[in-house]
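# Residue-level structure breakdown
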Amino acid sequence: EAQVTQNPRYLITVTGKKLTVTCSQNMNHEYMSWYRQDPGLGLRQIYYSMNVEVTDKGDVPEGYKVSRKEKRNFPLILESPSPNQTSLYFCASSSTPAGLFPDTQYFGPGTRLTVL
Amino acid sequence: AQKVTQAQTEISVVEKEDVTLDCVYETRDTTYYLFWYKQPPSGELVFLIRRNSFDEQNEISGRYSWNFQKSTSSFNFTITASQVVDSAVYFCAYYNAGKSTFGDGTTLTVKP
């Protein structure tokens, strides 16, 4: 089954304790992206990757890191989480050949993160 | 920077009414793509439609229809004969060269 998986689905942590949220897709998609969703603010893009070893900042990258060493994986790293990073996080992937009409983004189920 | 505005925060209708969700965007790009997504109470994000900036043809899919007007930078979404199962948050989104900008969403409640 074609899907985007995220782990963990729920996480409660404390300020300053490094954490990683994993994202994996099995559709051989070039494009992957991370978003956070906060009440009333829609989805805001954190980072995106057009292909392996190519990452770029979205609108709200502060406090986050990403890496894209393999096509299927795009982990989100919070080196020193703070309470304002409490949010619902979505990973997405898409088949987006350069210069061509991008496919829709397929979203993971979301990771609800609470930072105390 | 691009901006997507969904001015309607919440809409409530009675089943079988038609409802239109508005989306207005701002950009200086000549090539871009627009999407609508649905987020039901269960939380997943479901793709509804995509459009590119060169295709202003309106589209109808069952009870759903979309009106893209480049001249007014709008990409509105209409549900005809709404049903309770249409209750969800609907997002309009802009995409170009990797960057995605979502509107804040419109919460649609369809009452029986």
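Okay, so let's go over this structure. Source: prediction; values computed, not measured. (Residues numbered from 1 in each chain as written. Chains lettered and ligands numbered in written order. Predicted model: local features only at pLDDT ≥ 70, side-chain atom pairs only at ≥ 80, totals over all residues. Heavy atoms only, no water.)

## Looking at the environment of A:Gln85
Residue and element names in this part refer to chain A.
- Within the secondary structure, glutamine 85 is located in the loop between strand E8 (76–78) and strand E9 (87–94).
- Here the alpha-carbon distance between glutamine 85 and glycine 110, two residues 25 residues apart in the chain, equals 14 Å.
- Not counting residues within four places of it along the chain, the set of residues in contact with glutamine 85 comprises Arg36, Glu62, Gly63, Tyr64, Leu78, Ser80, Leu113 and Val115. (Helix = DSSP H or I, 4+ residues; strand = E, 2+ residues; numbered from the N terminus. Contact = heavy atoms within 4.5 Å.)

## Let's talk about the side chain of B:Thr106
All names here are of chain B.
- Within the secondary structure, threonine 106 sits in strand E12 (residues 106–111).
- On the accessibility criterion, threonine 106 (0% relative accessible area) is buried.
- Not counting the four nearest positions on each side in its chain, threonine 106 is found in contact with Gln6, Gln8, Thr9, Ile11, Leu21, Ala88, Val89 and Tyr90. (Buried < 20%, exposed > 50% of the residue type's maximum accessible area, 1.4 Å probe, protein only.)

## Comments concerning the packing of aromatic side chains
- Considering all chains together, one arrives at 24 aromatic pairs over all chains under this definition.
- The interplanar angle of 40° and the centroid separation of 6.4 Å between the aromatic rings of B:Tyr25 and B:Phe68 together place this pair among those described as tilted. Here B:Phe68 lies in strand E8 (residues 64–69) and B:Tyr25 lies in strand E4 (residues 24–26), a separation of 43 residues in the sequence.
- Exposure remark for B:Phe68: the relative accessible area of 2% places this residue in the buried category.
- A ring pair is formed by B:Trp36 and B:Phe77, whose centres lie 5.3 Å apart and whose planes are at 50°; its orientation type is tilted. One end of the pair, B:Trp36, is in strand E5 (residues 33–39); the other, B:Phe77, is in strand E9 (residues 74–79), with 41 residues separating them in the sequence.
- Given a relative accessible area of 0%, B:Phe77 falls into the buried group.
- Here the aromatic cluster, defined as three or more aromatic residues joined through ring pairs, consists of A:Tyr35, A:Phe90, A:Phe107, B:Phe35, B:Tyr37, B:Phe47, B:Phe91 and B:Phe102.
- One residue, B:Lys70, lies across the ring of B:Phe54, its end atom 5.2 Å from the ring centre. (Phe/Tyr/Trp six-rings, centres within 6.5 Å; stacked < 30°, edge-to-face > 60°. Lys NZ or Arg CZ within 6 Å of the ring centre and 35° of its normal.)

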